[in-house]
Amino acid sequence: MSYIAVKTVTVAAALAAAVTTPAAHAQETARVLRVYSDNIENLVMNNADGSCTRISGPAHLTSMLVDDDGKTGTSGVQAPDLLIVQQVRGTGQATAYADQLSAKFGYPAGTFKAIVAWGDPEQWGGSHHCSRQSLGDLKKRQTNGIIYNTRTLSLAETSKYWSAGWLKPGTAYAGGAGCTLYKPPSNDDGAAYTHKWKRTSAIAAKFTVKATGTAVFAASMHLPEQNGKNACAGPGDPGIANSGLRLGADARRLMNASTVRVVGVDANRTGIAPATLGGYGMTGYGAKPTMGSRKIDYLFVKGAVRPSPVDHTVAGTKSNHRALYAFVTV
């Protein structure tokens, strides 16, 4: 073969490697499932002085999404596949946030889609610890959700929501005794707090990785503050390994039919061990504090998780909760 022929083939090969069709790019990205979990606090941060700061969706995303070295804001940051979120206002905020994520990576609106436990939960509470009431008002509707990338994942099925457990204030506790499901009639006293329980309704879904056919289970959970002192998952139940964690029956059905499993949870409780969901084949990732000096947020995964230089915890997340992430080979 002549030099000119060799050079032509080499250049053609380089061009072929450089030009990637959208379908090929989707397949390449799907080989690594990029998963994040964060309590986004309705995109309103509480500050130590009693003030609050509103955070834009793009600012929060930039502060949370990382490259393979665990760094934010670099050219190596790739579009996520799953965002497990706690404390969104409902379908409206979740969809707007998903569309902002689509725009961040140059995709049309609707590329990322949102699933929430409650589409428009009722308001509850007062100031929500914000000196400006207008910012506190933004935190009065709270639910949990999952945002997924339709380029790489297809939605197979969504679970029924399930309720967290709690120990109603004033109730005696003994190893789970005294616990109830956190929903009417065992909900908060006082008209302003009638609907607070909805912030802890959990949701799960099953997806299929388009490039590989791998079944993926994801769940978003937010346990009540009372779980910090007294672990409760339901009537007389302290939860798996006394953690307050419990997966609903419908969620377990989807989980059992999935190869890769991810659960993101704001547990409002410290000391939950990485092996807590080991009976479901999952391991917890990230040991650093997630809220101030405490670790109360957890990400459990069944799958081949790639190592993280930052212990799967994003220090600069623009929320009162530091995001957790896992990159899973599928």
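Quick caveat, the model's predicted, so the values are computed rather than measured.

1. Comments concerning the sheet that holds strand β12 (residues 260-266)
In step 1: What the 6 strands build is an open sheet, ordered β7-β10-β11-β12-β14-β13; its pairing is mixed. Of all the strands in the sheet, just β7 (153-158) and β13 (283-284) have a single pairing partner and so form its edges.
In step 2: Of the strand pairs in this sheet, strand β10 (residues 203-209) and strand β11 (residues 215-222) are connected by 6 bridges, and their pairing is antiparallel. Pairing of Thr208 across the sheet is with Ala215, part of β11.

2. Side note on the packing of aromatic side chains
In step 1: Summed over all chains, the structure comprises 9 aromatic pairs.
In step 2: When the ring of Trp118 is compared with that of Trp197, the centres are 5.9 Å apart and the planes differ by 85 degrees; the resulting orientation is edge-to-face. Taken together, the residues Trp118 in the loop between β5 (112-116) and α5 (133-137) and Trp197 in the loop between β9 (180-181) and β10 connect sequence positions 79 residues apart. An identical accessibility class is assigned to Trp118 and Trp197; each is buried.
In step 3: Relative to Phe207, the ring of Tyr148 lies with its centre 5.0 Å away and its plane at 50 degrees, an arrangement referred to as tilted. With Tyr148 in strand β6 (residues 143-149) and Phe207 in strand β10, this residue pair connects regions lying 59 residues apart in the sequence.
In step 4: Ring pairing ties together the aromatic residues Tyr36, Tyr325 and Phe327, which thus form one cluster.

3. What about the pattern of salt bridges?
In step 1: Taken as a whole and judged by the stated rule, the model has 10 salt bridges.
In step 2: For Lys140, the salt bridge identified is with Asp137, shortest N-O distance 3.3 Å.
In step 3: Judged by its relative accessible area of 16%, Lys140 falls in the buried class.
In step 4: For Glu157, the salt bridge is made with Arg253, and the minimal N-O distance between the two is 2.5 Å. Within this pair, whereas Glu157 is found in strand β7, its partner Arg253 is found in helix α6 (residues 249-256), the two being separated by 96 residues in sequence.
In step 5: According to the relative accessible area criterion, Glu157 is partly exposed, its value standing at 32%.

4. What to know about the confidence of the model for the chain
In step 1: Overall, the prediction assigns the chain a mean pLDDT of 93, with 91% of residues at 70 or greater.
In step 2: The low-confidence segment residues 1-30 (pLDDT under 50) makes 17 contacts with residues lying over four places distant or belonging to another chain.

5. Focus on the pairing of strand β17 (residues 323-329)
In step 1: With 6 of 7 residues buried, β17 lies mostly within the body of the structure.
In step 2: Judged from the 6 bridges that link them, strand β1 (residues 32-39) and β17 form a sheet pairing that is antiparallel. Within β17, the residue paired with Leu33 across the bridge is Val328.
In step 3: In this structure, strand β15 (residues 304-305) lies alongside β17, joined through 2 bridges in antiparallel fashion. Within β17, the residue paired with Ala304 across the bridge is Thr329.
In step 4: Both strand β16 (residues 313-314) and β17 contribute to a ladder of 2 bridges, which runs antiparallel. Note on β17: the bridge partner recorded for Val314 is Ala323.

6. Focus on the environment of Ser186
In step 1: Note on placement: Ser186 falls in the loop between β9 and β10.
In step 2: When its relative accessible area of 15% is taken as the criterion, Ser186 is described as buried.
In step 3: With 68 residues separating them in the primary sequence, Ser186 and Leu254 have C-alpha atoms 28 Å apart.
In step 4: Discounting residues that sit within four places of it in the chain, Ser186 has contacts with Trp166, Lys168, Thr180 and Leu181.
In step 5: In terms of polar contacts, Ser186 uses its side chain to reach the side chain of Thr180, at 2.7 Å.

Rules used throughout
Residues numbered from 1 in each chain as written. Predicted model: local features only at pLDDT ≥ 70, side-chain atom pairs only at ≥ 80, totals over all residues. Heavy atoms only, no water. Pairing = 2+ DSSP bridges. Helix = DSSP H or I, 4+ residues; strand = E, 2+ residues; numbered from the N terminus. Phe/Tyr/Trp six-rings, centres within 6.5 Å; stacked < 30°, edge-to-face > 60°. Buried < 20%, exposed > 50% of the residue type's maximum accessible area, 1.4 Å probe, protein only. Salt bridge = Lys/Arg side-chain N within 4 Å of Asp/Glu carboxyl O. pLDDT = per-residue confidence, 0-100. Contact = heavy atoms within 4.5 Å. Polar contact = N/O pair within 3.5 Å; in protein donor to acceptor, adjacent residues only side chain to side chain.

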